[in-house]
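# Structural characterization, general
Read off the chains here:
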Amino acid sequence: MTDEKILLSDDEIISRLAALSPFEYERVRIAEAKTLNIRPPILDGLIKAAKKSSQKDNRTPFADVKPWHEPIHPAELLNEISNTIRRFIICPPETIHAATLWIAMTWFIDAIQVAPLAVITAPEKRCGKSQLLFLLSRLVYRPLSASNITPSALFRSIDTWQPTLLIDEADAFMRENEELRGIINCGHTRDLAKIIRTVGDDYTPTTFIVWGAKALAGIGHLPDTIMDRAITLELRRKLANEKTERLRHTEPNLFPILSAKLARFAQDYFDQVEQAKPELPDTLNDRAQDNWEPLFAIADIVGNEWPRLARLAAVKISGNSEVSQSLGVELLSDIQEIFESKCFDRIPSAELIRLLCADDEKPWATYNRGTSIKPRQVANRLREFGIISNTIRIGMTTAKGYMKYQFIDAFARYLTPASVTTSQAS
């Protein structure tokens, strides 16, 4: 052991090794691990942690935002942000209010437990999706634009920088990328925002933190697992008589001032947001309540009109559970409609298929690339809800089918309360 290593503590040796280039470190890695009496993969992990903790702001892709020099009035700040969105984006009021609160939420990311996605969507091109995403990038905490990002780059970026991730054209490149969707979904709640990947020549299992705020922009409906974790910001194409300003013509100090005020807002009200337990509307389902809770917490602390505006936006955007129902729930709903409209107490599988496919606007007639859904597919879907087909008697004949009573529990659990009839409840 050299005199230097006798004099240096373990922490000092780790710091010295973390400052080496990858080539230099690789040459001394085995010897240094042996000197420290640890395995090389353990040394690799220590070096990674040391590099991460020693990163400075000027080594990250984020501009340094200094908090505003004096206390701010939170309601006035949110009004400024919502008015700024209104200047540049054509969208419904609830979208403006939800986007405003979501922007503020990113500055409190260390104070909250659920980070809802912001999904910017529109039915067609030229509705301002990229424009709104760019506006968010000027106001959110630690913005990182990363369109068409790979899964490995995604989780490493989040783990290293803790950014607010901004992804454009998400509908195009996420559609067939299960790993990417899984990483984004995993980052929804703080406690579960961890993934494990192997790294290094020794394939050492390593934990990566993927917690953080993320905004996605795309055309149409993104995968259900994404939308279920999202605050949806719907846009619409502007009319000829609707005028907006161009972001590139914005006065130079607008966004820096708003960002500085947001930083001061987070600095002064962090503890209040962390301890908040806002009242949640019963009209929202459990997941929607989770998504909106941090936004309600901020709105309640801001006061004035914002608690009311936040809840109106939540009910308008997320109050209709039918919009985001899965295909399985849609099947249950259509079967319930058949039982009630036909006054059946039992139905053969073949007749159920015929009635499901009778409505051309439903997905069942073209379920299999233009052909109708099959009995086995219906059976597989219903089996997920604990409903199994049986041999039933219809007059003097028997056939595979279902009894109405088999659906009562599933109807009550998965369909909206209004659709569960009195006869089913009894």
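### Some words on the overall build of the chain
In terms of regular secondary structure, the chain is built from 19 helices and ten strands. Its C-alpha atoms give the chain principal-axis dimensions of roughly 95 × 60 × 40 Å. By the burial criterion, 45% of the 426 residues in the chain qualify as buried. Pairs at least 24 apart in sequence give 68% of the contacts found in the chain among residues at least 6 apart. With the model as given, the accessible surface of the chain reaches about 22,900 Å², and the carbon-plus-sulfur share is 51%. Averaged over its 53 positive side-chain charges, the chain has a centre that lies 5 Å from the centre of its 55 negative ones.

### Let's talk about the environment of arginine 138
Relative to the elements of secondary structure, arginine 138 occurs in helix H7 (residues 129–139). Sequence separation of arginine 138 and alanine 170 is 32 residues, and the distance between their C-alpha atoms is 20 Å. The contact partners of arginine 138, leaving out residues within four places of it in the chain, are Phe255 and Ser259.

### Observations concerning the packing of helix H13 (residues 286–302) against helix H14 (residues 306–318)
In the contact formed by H13 and H14, the axes pass within 8 Å of each other and the chain directions differ by 160°. The angle between the axes of H13 and H14 places the two elements in the roughly antiparallel class. The two elements H13 and H14 meet at a crossing, and its hand is right-handed. Residue-level contacts link Ala288, Trp292, Phe296, Ala299, Asp300 and Val302 of H13 to Trp306, Pro307, Ala310, Arg311, Ala313, Ala314, Ile317 and Ser318 of H14.

### Brief notes about the sheet that holds strand E2 (residues 143–145)
Ordered by their spatial adjacency, five strands build an open sheet running E2-E3-E6-E1-E7, and the pairing between neighbours is parallel. What marks the edges here is a single partner per strand, and that holds for E2 and strand E7 (230–234). Adjacent strand axes in the sheet meet at a mean angle of 20° when their direction is disregarded. By the bridge criterion, three bridges tie E2 to strand E3 (residues 164–167) in an arrangement that is parallel. The residue bridging proline 143 from the neighbouring strand is threonine 164, located in E3.

### A look at the packing of aromatic side chains
Under the counting rule described, the total for this entry stands at eleven aromatic pairs. Clustering of aromatic rings is evident, with ring pairs tying together Phe339, Tyr402, Phe407 and Phe411. The ring of tryptophan 68 has lysine 261 lying over it, and the distance from NZ or CZ to the ring centre is 5.3 Å.

### Comments concerning the sheet that holds strand E8 (residues 346–348)
Strand order in the open sheet formed by three strands is E8-E10-E9, with antiparallel pairing between adjacent strands. Looking at strand neighbours, the two that pair on one side only are E8 and strand E9 (390–394), the edges of this open sheet. Direction aside, neighbouring strands of the sheet carry axes that sit 60° apart on average. Note that E8 and strand E10 (residues 397–403) share three bridges and pair antiparallel. Note on E10: the bridge partner recorded for proline 348 is glycine 401. Those strands touched by helix H16 (residues 349–356) are E8 and E10, and its axis lies near 90° from that of E8.

### So, the pairing of strand E5 (residues 204–209)
In this structure, strand E4 (residues 194–199) lies alongside E5, joined through six bridges in antiparallel fashion. Looking at E5, one finds that threonine 198 is bridged to proline 205. Between the antiparallel neighbours E4 and E5 lie four residues, among them glycine 200 with a positive phi of about 80°.

### Quick notes on the pairing of strand E6 (residues 214–219)
Across the six residues that make up E6, a large majority, five, are buried. Where strand E1 (residues 117–122) meets E6, five bridges bridge the pair, whose relative direction is parallel. Considered in E6, the bridge of isoleucine 120 is made with alanine 217. As judged from the three bridges shared by E3 and E6, these two strands associate in the parallel manner. Counted as the bridge partner of leucine 165 is lysine 214 from E6.

### Thoughts on H13
Helix length check: H13 (17 residues) gives 24 Å between terminal C-alpha atoms against 24 Å at 1.5 Å per residue, within 8%. At tryptophan 292, H13 is bent by approximately 40°, the largest bend along its length, and proline proline 294 sits one to four residues beyond. Of all the 17 residues making up H13, twelve are buried; the element is thus mostly covered by neighbouring parts of the structure. Every buried residue of H13 is accounted for by Ala288, Gln289, Asn291, Trp292, Pro294, Leu295, Phe296, Ala297, Ile298, Ala299, Ile301 and Val302. Summarising the contacts, the buried residues of H13 are in contact with helix H5 (74–88), helix H6 (93–106), E7, helix H12 (254–275) and H14. Two or three places before arginine 287, at the start of H13, stands the capping residue asparagine 285, its side-chain oxygen 3.2 Å from that residue's backbone nitrogen. A positive phi of about 75° marks glycine 303, the residue just after H13.

### Some thoughts on the side chain of lysine 261
Within the secondary structure, lysine 261 is located in helix H12. With residues up to four places along the chain from it excluded, the contact list for lysine 261 reads Trp68, Ile72, Leu77 and Glu80.

### Side note on unusual backbone geometry
Unlike most non-glycine residues, asparagine 37 shows phi in positive territory, near 65°. You can see asparagine 37 is positioned in the loop between helix H3 (22–36) and helix H4 (40–53). For asparagine 304, which is not glycine, the phi dihedral falls at a positive 55°. Note on asparagine 304: relative accessible area 61%, which makes it exposed.

### Examining the confidence of the model for the chain
Averaged over all residues, the pLDDT of the chain is 87; the fraction at 70 or higher stands at 92%. Of all secondary-structure elements in the chain, the lowest mean pLDDT belongs to helix H19 (residues 422–425), at 36, while H6 reaches the highest, 97. Confidence drops under pLDDT 50 across residues 1–6; counting only partners more than four residues distant or on other chains, this segment forms six contacts.

Calculation criteria
- Residues numbered from 1 in each chain as written.
- Predicted model: local features only at pLDDT ≥ 70, side-chain atom pairs only at ≥ 80, totals over all residues.
- Heavy atoms only, no water.
- Helix = DSSP H or I, 4+ residues; strand = E, 2+ residues; numbered from the N terminus.
- Buried < 20%, exposed > 50% of the residue type's maximum accessible area, 1.4 Å probe, protein only.
- Contact = heavy atoms within 4.5 Å.
- Areas by Shrake-Rupley, 256 points an atom, 1.4 Å probe, with all protein chains shown as cover.
- Lys, Arg positive; Asp, Glu negative; His and termini not counted.
- Charge placed at Lys NZ, Arg CZ, Asp CG, Glu CD.
- Axes fitted to C-alpha atoms, helices over the stretch in contact; angles between N-to-C directions.
- Parallel < 35°, antiparallel > 145°, perpendicular 65-115°, else oblique.
- Left-handed = near helix turned anticlockwise from the far one by under 90°.
- Pairing = 2+ DSSP bridges.
- Phe/Tyr/Trp six-rings, centres within 6.5 Å; stacked < 30°, edge-to-face > 60°.
- Lys NZ or Arg CZ within 6 Å of the ring centre and 35° of its normal.
- Expected span 1.5 Å × (residues − 1).
- Bend = angle between axes of the 7 residues up to and from the residue.
- Polar contact = N/O pair within 3.5 Å; in protein donor to acceptor, adjacent residues only side chain to side chain.
- pLDDT = per-residue confidence, 0-100.

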